[in-house]
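Each chain is listed here by its residues.
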Amino acid sequence: MVGRVAVIGAGSSGLVCIKTCIDEGLEPVCFERSDDIGGLWKFKESPEPERASIYRSLVVNTSKEFMCFSDFPMPAHYPNFMHNSQLLQYFRLYAEHFDLLKHISFQTTVKSITQRPDFSVSGQWDVVTINRNEEEEKHIFDAVLVCSGHYTHPALPLSEFKGHETFSGRCFHSWEYKDADDYRGKRVVVVGLGNSGGDIAVEISRSAEKTFLSTRQGSWVMGRMSSNGLPLDMTFITRFNTILLQLLPKTLLNWAAERTLNQRYDHSLYGLKPSHRIMDKKPLINDDLPGRILQGALAMKPNLIGFKGSGVVFEDGTVEENIDAVVFCTGYNGTFPFLPSALSEGPHGELTLYKRAFPPSLQHPTLAITGLLQAKGPIMPLVEMQARWAVKVFSGLSCLPSEEKMLEVIESDRQINMQSYPSPQVAVLQVDYIPYLDFMAGEIGVGPNLLRLLLRDPVLWMKVFFGPCTPYQFRLTGPGRWAGARQAILTQWERVVQPFRTRQVPEPETRRSALCSPWLLTFGGTLIVAVVLSKNDTIPMLQGAAQILESSKTFLGDFWFTG
């Protein structure tokens, strides 16, 4: 019987894992090597070895309604896209509300996690830690949740570039970058067009004499704002859109999306256009990059291939002279030195994980890794669902397939993802946001039942199906149900609007056309859609007709006037 659970790390993942263990009646003990919570989101003036590090100006790319924990909405007055300091404050509110700090041992480093000699019987783990007094301590745990992240070991490929030994400028990884003060009036090259590379290049370009952004493949660039200035993820990440993406031809979707982006700024003209189609990989989220290119402060360059004195050489043969610094935004090595080496069974020494959570080789599934994944969507809701699934597996309330079946699924997912991500190490990390959430929710019985919602609560059904797939949807029913989930969904757009309300603006009176009645829009075909989505549900359709009619008055008032 699982009782004590070791939680490694007190960042966003560790906090939600502690809370999830408590909800399940388990005893979590969290080990955090620093003196505070927050993990990646805790800014420090100087980077510390084997710890995540962020730059001073970092603003999240995910809006607050998607980035919150599923039973703890962010304060309404918070901006939709927060500075890292505000997100850290939210974590403090969460930890205080659920009284999580008492379960955390700060300034404690995990040295090793190994299977106990009787693991085949007990499934237990030996955990060795080093406390703040440099004393080694040994612990026994029934299960382990690894929440230490994979942004702690920078990948700096200097050896791949000829002439780097004699380069007169400074070369360093973005892990060390804090702000642009040191680059005022200088010439800087930023290597890598991920989100960090885009942010850092834009920030440096406001101070430097000239900034060059080197990219191997290019990228499609999208801002945080969608139509009407609303958060992009709130309008795009919906169940309805997910179904459309599955039904419509991919060629058509690529054409339409690329045409829309190129109407804002021609990606070929700006030197941004990648070799892949927009639906194949995650886009770059950056509001300012095209503007900095337009103003001439930042220039796009092809792949960096070497150094020559004070200059750098690019793939097209061009050379930029008198370069003062090169910032490598080249990612991280996802290593976990405290875990048994036997778990790193991948062809390149990476962790092999079933559904990005469980090592399939373990005789007892009492260890799970959280957050070691990538998605076209926010990571925090995925990690929370991983934690909820993991504790059910630990407790024996959810069962994993056989090792053979898990390995088949891992390889199948890898092969599918390699169509867009040729690198096996990158391909294995990819998950589809809503389908992955729904899979885990199905494993523990917390997914929203769309047909039942349509029949019993059409107002909520509209929000769940056509609206943003926010984390609250997975607290409507089943284990861990939260009584406030329905209200949180119905009021999520109010919280989106709240931070904009800093000046009263007169609005003309408008009257809605009866032809746009939500009754006509909703019930003209949605019943069929719901049946398709819930084809295994046995609720008789006709029995719900009376309920729908009785709810129509409430539906028309509630949905129409809450947006």
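It should be emphasised that the depicted structure is a prediction, and the values quoted were computed from it without experimental measurement.

Any aromatic ring pair is given by two values, namely how distant the centres are and how the planes are angled relative to each other. Applying the stated criterion to the full structure yields 27 aromatic pairs. On the basis of an interplanar angle of 90° and a centroid distance of 5.5 Å, the ring pair of Trp389 and Phe439 is categorised as edge-to-face. Separated by 50 residues along the polypeptide, Trp389 in helix H10 (residues 380-394) and Phe439 in helix H13 (residues 433-444) bring together distant segments of the chain. Exposure remark for Trp389: the relative accessible area of 0% places this residue in the buried category. Through pairs of rings, three or more aromatic residues link up here, namely Phe69, Phe72, Tyr90, Phe91, Tyr94 and Phe98. Here the basic side chain of Arg224 rests over the ring of Phe81, its NZ or CZ set 5.9 Å away from the ring centre. Lying over the aromatic face of Phe439, Lys355 brings its terminal NZ or CZ to 4.8 Å of the ring centre.

Attention now goes to the sheet that holds strand S4 (residues 109-115). With respect to topology, three strands assemble into an open sheet ordered S4-S5-S6, the strand pairing being antiparallel. Each edge of the sheet is formed by a strand with only one pairing partner; in this case those strands are S4 and strand S6 (136-141). The average undirected angle you get between the axes of adjacent strands in this sheet is 20°. Note: strand S5 (residues 125-130) against S6, six bridges, orientation antiparallel. Within the sheet, the bridge partner assigned to Val127 lies in S6 and is His139.

Moving on to the confidence of the model for the chain. Residues with a pLDDT of 70 or more make up 89% of the chain, whose mean pLDDT is 91. Confidence over residues 535-563 falls short of pLDDT 50; this stretch has 49 contacts with residues more than four positions distant or in other chains.

Once that is clear, we can look at the packing of helix H7 (residues 239-247) against helix H15 (residues 458-466). Two numbers describe how H7 lies on H15: the axes approach to 5 Å, and their chain directions differ by 50°. For the element pair H7 / H15, the angle class is oblique. Residues Arg239, Phe240 and Ile243 of H7 form the contact with H15, whose participating residues are Val464, Phe465 and Phe466. Split into classes, the residues belonging to the contact of H7 with H15 amount to five nonpolar, no polar and one charged.

Our next topic: the environment of Glu176. With respect to the helices and strands, the residue Glu176 is situated in the loop between strand S8 (170-173) and strand S9 (187-191). Since its relative accessible area comes to 34%, Glu176 is described here as partly exposed. Residues Glu176 and Pro154, 22 residues apart in the sequence, show an inter-C-alpha distance of 9.4 Å. If near-sequence neighbours (up to four positions away) are discounted, Glu176 is found in contact with Pro47 and Arg170. A polar atom in the side chain of Glu176 sits 3.1 Å from the side chain of Arg170.

A few words now on the packing of helix H1 (residues 12-23) against H10. For the pair H1 and H10, interaxial distance at closest approach is 9 Å and the crossing angle is 35°. In this structure, H1 meets H10 at a crossing whose hand is right-handed. Of the residues in H10, those touching H1 at Ser12, Ser13, Val16, Cys17, Thr20 and Cys21 are Met380, Val383, Glu384, Ala387, Arg388 and Val391. Here the contact of H1 with H10 is composed, by residue class, of seven nonpolar, three polar and two charged.

Let us look at the pattern of salt bridges. Working definition: two side chains of opposite charge can pair if their charged atoms are close together. Counted according to the given criterion, the structure contains 30 salt bridges. Glu27 is the partner of Arg4 in a salt bridge, and the nearest nitrogen-oxygen pair spans 3.8 Å. Of this pair, Arg4 sits in strand S1 (residues 4-8) while Glu27 sits in strand S2 (residues 27-31), and the two are 23 residues apart along the sequence. The class of Glu27 is partly exposed, set by a relative accessible area of 42%. Glu48 is the salt-bridge partner of Arg51, the closest N and O atoms lying 3.4 Å from each other. Judged by relative accessible area, which is 30%, Glu48 ranks as partly exposed. Linked through salt bridges whose partners overlap, the residues forming this network are Lys19, Asp23, Asp71, Glu384 and Arg475.

What follows covers the side chain of His267. Relative to the helices and strands, His267 is located in the loop between helix H8 (250-264) and strand S12 (284-285). Overall, the relative accessible area of 0% leaves His267 in the buried class. At 3.0 Å, the side chain of His267 forms a polar contact with the backbone nitrogen of Val221. Leaving out residues up to four positions away in the same chain, His267 has contacts with Ser219, Trp220, Val221, Leu261, Asn262, Leu272 and Lys273.

With the exception of glycine, the majority of residues adopt a negative phi angle, and the majority of peptide bonds are in the trans configuration. Phi at Glu50 takes a positive value of approximately 60°, unusual for a residue other than glycine. Mapping Glu50 onto the fold places it in the loop between S2 and helix H2 (64-67). Backbone geometry places Arg356, a non-glycine residue, at a positive phi of 60°. Along the polypeptide, Arg356 turns up in the loop between strand S17 (325-328) and strand S18 (367-369).

A word on the sheet that holds S9. A sheet is described by the order of its strands in space; here five strands give the open sequence S8-S17-S9-S10-S13, paired in parallel fashion. Looking at strand neighbours, the two that pair on one side only are S8 and strand S13 (298-301), the edges of this open sheet. On average, each strand axis in the sheet is inclined to that of its neighbour by 20°, with strand direction left out of account. Judged from the four bridges that link them, S8 and S17 form a sheet pairing that is parallel. If you follow Cys171 over to S17, its bridge partner there is Val326.

With that out of the way, let us pick up the nonpolar core. Side chains of a nonpolar character, in soluble globular proteins, are inclined to be buried together. Counting 113 residues, the largest nonpolar core has Phe91, Leu145, Ile204 and Leu289 as the members making the most contacts within it. Looking at this core element by element, the count peaks at ten residues for H10. Both of domain 1 (4-152 + 334-498) and domain 2 (155-328) provide at least three residues apiece to this core. If we ignore the near neighbours within four places in the chain, the residues touching Phe91 are Ser12, Leu15, Ile37, Gly38, Trp41, Phe69 and Met380. Counting residues in each nonpolar core, the second largest holds 24 residues, with Ile8, Val29, Val110 and Val146 among its members.

Once that is clear, we can look at H13. The first and last C-alpha atoms of H13 sit 17 Å apart over twelve residues, in line with the 16 Å expected at 1.5 Å per residue. When we look at burial in H13, the residues that qualify are Tyr433, Ile434, Tyr436, Leu437, Met440, Ala441 and Ile444. The buried residues of H13 all sit within an arc of 165° when viewed along its axis, so they share a single face. The secondary structure elements touched by the buried residues of H13 are H2, H7, H10 and strand S20 (430-431). One or two residues past the end of H13 sits Gly445, with phi positive at roughly 75°.

Rules behind the numbers
- Residues numbered from 1 in each chain as written.
- Predicted model: local features only at pLDDT ≥ 70, side-chain atom pairs only at ≥ 80, totals over all residues.
- Heavy atoms only, no water.
- Phe/Tyr/Trp six-rings, centres within 6.5 Å; stacked < 30°, edge-to-face > 60°.
- Helix = DSSP H or I, 4+ residues; strand = E, 2+ residues; numbered from the N terminus.
- Buried < 20%, exposed > 50% of the residue type's maximum accessible area, 1.4 Å probe, protein only.
- Lys NZ or Arg CZ within 6 Å of the ring centre and 35° of its normal.
- Pairing = 2+ DSSP bridges.
- Axes fitted to C-alpha atoms, helices over the stretch in contact; angles between N-to-C directions.
- pLDDT = per-residue confidence, 0-100.
- Contact = heavy atoms within 4.5 Å.
- Parallel < 35°, antiparallel > 145°, perpendicular 65-115°, else oblique.
- Nonpolar A, V, L, I, M, F, W, Y, C, P; charged D, E, K, R; others polar.
- Polar contact = N/O pair within 3.5 Å; in protein donor to acceptor, adjacent residues only side chain to side chain.
- Left-handed = near helix turned anticlockwise from the far one by under 90°.
- Salt bridge = Lys/Arg side-chain N within 4 Å of Asp/Glu carboxyl O.
- Core = buried A, V, L, I, M, F, W, Y, C linked by side-chain atoms within 4.5 Å.
- Domains from an automatic or database assignment.
- Expected span 1.5 Å × (residues − 1).
- Arc of directions from axis to C-beta.

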